[in-house]
Amino acid sequence: MSALGGQPSTFPEIVELNVGGQVYVTRLETLTAVPNSLLWVRFTQSSPSELPKDRHGRFFFDRDGHLFRYILDYLRDAELFLPEFFKERKRLQREADFFQLPELAKRLVETGYPDDGGDPEEAELGSPVTSSTSSERALRSPGSGSGYITIGYRGSYTIGRDIQADAKFRRVARITVCSKISLAKEVFGETLNESRDPDRPPDKYTARYYLKYNFLEQAFDRLAETGFHMVACNSTGTCSYGSNDPGEDKLWTSYTEYVFCR
């Protein structure tokens, strides 16, 4: 891969992107899969020092971070599967135009269905990308973007003697994230606290990340938006009295894990 003027590219094989606040980790060959696209130009005709970066050194694009996952899927596999009742086809078409992917934009117009529902079947958008060997395709296709994320939290609540009046509802101290590094960063982006396990390679796993907020539903929304589905959950709990007096409030503590898959 050569940069402008014949100088060798110094882009890493594994590239971290910040697209509108959402973090993505992918291969350089994926970003350059479509010749003359915007990403191909940026990552073959420029040097890393010429591209804007965020404070963590990730290459930054001020575009729709949620829709970029479909752009990346298209670059990986030369096809795109949209979820049921996809309502952002026109916005995705605009992103395809920005990233200079004319074949994808054309397919979105030809295969488009009404934005208010339409055919519940997933739309498969196929398109030829650059020619590659079967071994190169194998690197991109099997399991691309798939995997498991486990969300865990330790919580507590108090129930008084008058259950209806005195219940003090769920208190979540911290929401932990266990997964492959690249998946965690893709889904949670800047809301992911990496301080307990910094600078780990994107292809490794961690059980030490946690979120910068304490709302489980906020985490679930992000997982749903990025195509994850809950497949299992488990919980343990204990009950104790605030003192030795049985008439005192009961304190319940629990640890719960939710397993999501894409």
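Everything quoted here is computed from the prediction, not taken from an experiment. (Residues numbered from 1 in each chain as written. Predicted model: local features only at pLDDT ≥ 70, side-chain atom pairs only at ≥ 80, totals over all residues. Heavy atoms only, no water.)

Engineer: How should I be thinking about the packing of aromatic side chains in this particular structure?
Structural biologist: The relation between two aromatic rings is expressed through the spacing of the ring centres and the mutual angle of the planes. Inspection of the entire model under this criterion finds 12 aromatic pairs. Between Y153 and Y258, the ring centres sit 6.5 Å apart and the planes meet at 10°, which makes this aromatic pair stacked. In this pair, Y153 sits in strand β6 (residues 148–159) while Y258 sits in strand β11 (residues 250–261), placing the two residues 105 residues apart along the sequence. Y258 matches Y153 in its accessibility class, with the two residues each being buried. The ring of F98 carries R63 above its face, with NZ or CZ at 4.0 Å from the centroid. In this structure, R174 packs its charged tip against the face of Y210, placed 3.8 Å from the ring centre. (Phe/Tyr/Trp six-rings, centres within 6.5 Å; stacked < 30°, edge-to-face > 60°. Helix = DSSP H or I, 4+ residues; strand = E, 2+ residues; numbered from the N terminus. Buried < 20%, exposed > 50% of the residue type's maximum accessible area, 1.4 Å probe, protein only. Lys NZ or Arg CZ within 6 Å of the ring centre and 35° of its normal.)

Engineer: Can you walk me through the nonpolar core in this structure?
Structural biologist: Within soluble globular proteins, side chains that are nonpolar tend to cluster in buried spots. Core analysis: the biggest nonpolar cluster contains 31 residues, and L17, L39, F43, F68 and L92 have the highest contact counts within it. If you list the elements that add at least two residues to this core, you get β1 (14–19), α1 (28–31), α2 (38–44), β3 (59–61), α3 (68–77), α4 (89–98) and α5 (102–110). Broken down by element, this core gets its largest block of residues, six residues, from α3. Judged by nonpolar contacts, the second largest core, of 21 residues, contains A184, F188, L192 and Y209. (Core = buried A, V, L, I, M, F, W, Y, C linked by side-chain atoms within 4.5 Å.)

Engineer: Sorry if this is basic, but what is going on with helix α8 (residues 181–188) here?
Structural biologist: Residues spaced three or four apart along an α-helix point in a common direction, a consequence of the helix completing one turn every 3.6 residues. Of all eight residues that make up α8, eight are buried, and the element is covered over most of its length. If you check which residues of α8 are buried, you get I181, S182, L183, A184, K185, E186, V187 and F188. With its phi angle positive at about 50°, G189 sits one or two positions after the end of α8.

Engineer: I tried to follow the packing of α4 against α5 on my own but got confused; where do I start?
Structural biologist: Between two packed helices, what matters for the description is the angle formed by their axes and the separation of those axes. Interhelical geometry of α4 versus α5 gives an angle of 160° and a closest axis separation of 8 Å. One finds that α4 runs roughly antiparallel with respect to α5. Considering only the axes of α4 and α5, their crossing is left-handed. On α5, the residues that touch R89, L92, Q93, A96 and D97 of α4 are L104, A105, L108 and V109. Class assignment for the residues of the contact of α4 with α5 results in six nonpolar, one polar and two charged. (Axes fitted to C-alpha atoms, helices over the stretch in contact; angles between N-to-C directions. Parallel < 35°, antiparallel > 145°, perpendicular 65-115°, else oblique. Left-handed = near helix turned anticlockwise from the far one by under 90°. Contact = heavy atoms within 4.5 Å. Nonpolar A, V, L, I, M, F, W, Y, C, P; charged D, E, K, R; others polar.)

Engineer: Got a minute to help me understand the confidence of the model for the protein in this structure?
Structural biologist: Detailed reading of the predicted coordinates is not advisable wherever pLDDT falls low. On average, residues of the protein carry a pLDDT of 79, and 74% of them reach 70 or more. Every residue in residues 1–8 is under pLDDT 50, and counting partners more than four places away or in other chains gives 15 contacts. Between residues 113–123, whose pLDDT stays under 50, and residues either more than four places distant or in other chains, the model counts 21 contacts. (pLDDT = per-residue confidence, 0-100.)

Engineer: Can you help me understand the environment of H56 in this one?
Structural biologist: For H56, the location among the structural elements is in the loop between α2 and β3. Residue H56 is classed as partly exposed on the basis of its relative accessible area, which comes to 43%. Each C-alpha atom, one on H56 and one on E190, is 10.0 Å from the other, the two residues being 134 residues apart in sequence.

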